[in-house]
Every structure is written in C-alpha cells, then in structure tokens.
Amino acid sequence: MDVKFLIAGDRAVSVEFGSVISLEVNAKVRALDEKLKESPIEGMVETVPTYCALIVHYRPEVIRYSKLMEELEKRIADMHEVSTTTKKVVKEIPVYYGGETGPDLEYCAELENTTTEEIIRKHSQHEYYVYMLGFAPGHPYMARFDEPFSFKRRTSPRVKIPARSIVVQLALSDFIPFEQPCGWNIIGSTPLDICNFAKEDPFLVRAGDWVKHVPVTKAEYDQIRRDVENGTYKVKTYTPQD
C-alpha cells in the first residue's frame, strides 16, 4: 500500500493514502482510524480523518516520532478493509427548502436553467457520503455521486450565515453548525442541531456516515425544532437493502 507520512508540526503526523478524493481512498483513512481505536498507540492523543489522510496527534514526550512511525506501519499492515458499499447506515435529515432560510434556491434554479422543484429533487433524492468534518466543530463535507449541480460557490462570500443552513455547490452539500462565514449557496435549513456540546456525542453526523435529505413543510420544520429543543426528537436511520 502506497502511504506517505508527513510531519504536521511537532505533535502530529499526517498519514496520506492518496491525493484523489474518492470513496476508495477515504475507506483506507477510515480503516486506519478504526484500527487505531481498536489498538491505540501509547502517547497518541487523537485522530482526525480527512478526505485522503488521517492526522494523528501524539505526545512526543511519551513516544518519539521514529517509534510512532513503526507503530503506525504495523497497524497499517494489519488494518481491516472498510467496505464502501455494505453495512452503510443512512441518517435522514429533514430540510425546509427555500423561503427566508433558503435565499439562494431560486438563484440556483436560474443557474441550472431549471425549476426550484428540480433543485430540491436532485438534492433530496440521492444519498450523500460524509467524507470528513472540518472548518467548524461538526461541520461535514458531504458529496453525492449522481446528478451534480453545475454551479460552484458564490463569487462574493457572506460574512455571516445562520446556523443549521444547508449549503451546496457542484455535487457537494454541507450543514452549517454555527453562525459563521460561508461562500456556498444557501438552499434551505434543517431543524436539527449540527453540533450540540451539551450532548455526550455532540455531532449530528461523523465521517463515514451517509445522509438523506428529507423535504419538510414549514409547519413540520417548526414542530421538529420544538421536539429538538425539548430533547424528544430521534434522528431516523436506515440500512439500504440490496
């Protein structure tokens, strides 16, 4: 297996499995991440999966770089392959499209020379794969593999957009966990919290998850939001049948 080790400061190393963003490369990242959870290295602090690499943070006063490389190489040789097609669990995420919470929906339809209904269909019909979390806590980078949009990010980023916004470009879609800057197109909002530090597991999704966006009405959105705030809402999941 072609693997590169890149020094990332004095307390981290990046284990690179390739330079192409793909399910196959990302599966290797996840495989090492799972192996290190199953067989942790003394002195390792945490791991951070990305598109093509796993960043391993460690304590150099506990384990030296050369020894860390040896231990990583052992686990890479012994790691189990993570399938990209089987046993996937899909999380259903409700989305209210358009209106005040989706100010770019009509603009995106114009860019595609189509209707807003078709934009919603393309966005909600296909499952999205969560490659990684980044930029902000719980912020997922997700992609679908059919019917990509042709438009890219906005030419002028917004300094601040609302939390829980659904933003898109090309075949990509993200959830915005907090009020933050963003240059992508806002087509809707989810009533679910993307990141809630009051929970034991604060993140709505994690790397390796699959997501299906489910269109809801404004009334349904408001009811789900009340359920979320009351702590009674449960995210729906399913395993696709072959």
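In what follows, the structure referred to is the one given above.
Below is a short write-up of the structure. (Residues numbered from 1 in each chain as written. Predicted model: local features only at pLDDT ≥ 70, side-chain atom pairs only at ≥ 80, totals over all residues. Heavy atoms only, no water.)

Helices and strands together make up the secondary structure of the chain, namely five helices and 14 strands. Since a compact globule built from 242 residues should have a radius of gyration of about 18 Å, the 19 Å found for the chain is in line with a globular shape. By its C-alpha atoms, the chain is 55 × 45 × 40 Å across when sized along the principal axes. Classification of the 242 residues of the chain by burial places 49% in the buried group. Long-range contacts, defined as pairs at least 24 residues apart, comprise 64% of the intrachain contacts of the chain with a sequence gap of at least 6. As displayed, the chain has an accessible area near 12900 Å², and 51% of this comes from carbon and sulfur atoms. (Helix = DSSP H or I, 4+ residues; strand = E, 2+ residues; numbered from the N terminus. Rg over C-alpha atoms; globule rule 2.2 N^0.38 Å. Buried < 20%, exposed > 50% of the residue type's maximum accessible area, 1.4 Å probe, protein only. Contact = heavy atoms within 4.5 Å. Areas by Shrake-Rupley, 256 points an atom, 1.4 Å probe, with all protein chains shown as cover.)

Here the focus is the state of the cysteines. What the rule picks out here adds up to zero disulfides. No disulfide involves cysteine 195; its nearest neighbouring cysteine sulfur is the one of cysteine 182, lying 16 Å away. For cysteine 195, a relative accessible area of 9% translates into the label buried. (Disulfide = S-S within 2.5 Å.)

Moving on, we come to the side chain of arginine 225. Here arginine 225 shows up in helix α5 (residues 218-230). The exposure class of arginine 225 is buried, given its relative accessible area of 15%. There is a polar contact of 2.8 Å between the side chain of arginine 225 and the side chain of aspartate 193. Among residues more than four places away in sequence, those in contact with arginine 225 are Arg164, Pro191, Leu192 and Asp193. (Polar contact = N/O pair within 3.5 Å; in protein donor to acceptor, adjacent residues only side chain to side chain.)

Here the focus is the nonpolar core. In this structure, Val15, Phe17, Leu32, Leu36, Val56, Leu68 and Leu72 are the most contacted members of the largest nonpolar core, which totals 30 residues. Within the residue set of this core, elements represented by two or more residues are β2 (12-16), α1 (23-38), β4 (53-58), α2 (65-78), β6 (127-133) and β7 (140-143). Core analysis: the next-biggest nonpolar cluster, separate from the first, contains 27 residues, Val95, Tyr128, Val168 and Phe175 among them. (Core = buried A, V, L, I, M, F, W, Y, C linked by side-chain atoms within 4.5 Å.)

Bringing α5 into the picture now. Taking 1.5 Å of rise per residue, the 13 residues of α5 would be expected to cover 18 Å, and the 18 Å separating its terminal C-alpha atoms lies within 8% of that figure. By the burial criterion, the buried members of α5 are Tyr221, Ile224, Arg225 and Val228. Projected down its long axis, α5 carries its buried residues within an arc of 105°, all on one side. Among the exposed residues of α5, those pointing more than 90 degrees away from its buried face are Ala219 and Asn230. Contacts from the buried residues of α5 go to β5 (90-97) and β12 (185-189). (Expected span 1.5 Å × (residues − 1). Arc of directions from axis to C-beta.)

Most of β12 is tucked away, with five of its five residues classed as buried. Where β5 meets β12, two bridges bridge the pair, whose relative direction is antiparallel. Its bridge partner being in β12, tyrosine 97 is matched across the sheet by glycine 188. For strand β9 (residues 165-169) and β12, the ladder comprises four bridges, and the chain directions are antiparallel. The partner of valine 168 across the bridge, within β12, is asparagine 185. (Pairing = 2+ DSSP bridges.)

Right, let's talk about the packing of aromatic side chains for a bit. Inspection of every chain in the model, using the stated rule, returns nine aromatic pairs. Ring geometry for phenylalanine 149 against phenylalanine 151: centres 4.9 Å apart, planes inclined by 15°, an arrangement best described as stacked. Exposure remark for phenylalanine 149: the relative accessible area of 3% places this residue in the buried category. What links up through ring pairs into an aromatic cluster is the set Tyr51, Tyr129, Tyr131, Tyr141, Phe145, Trp184 and Trp210. The ring of tryptophan 210 has lysine 88 lying over it, and the distance from NZ or CZ to the ring centre is 3.9 Å. Here the basic side chain of arginine 144 rests over the ring of phenylalanine 149, its NZ or CZ set 4.3 Å away from the ring centre. (Phe/Tyr/Trp six-rings, centres within 6.5 Å; stacked < 30°, edge-to-face > 60°. Lys NZ or Arg CZ within 6 Å of the ring centre and 35° of its normal.)

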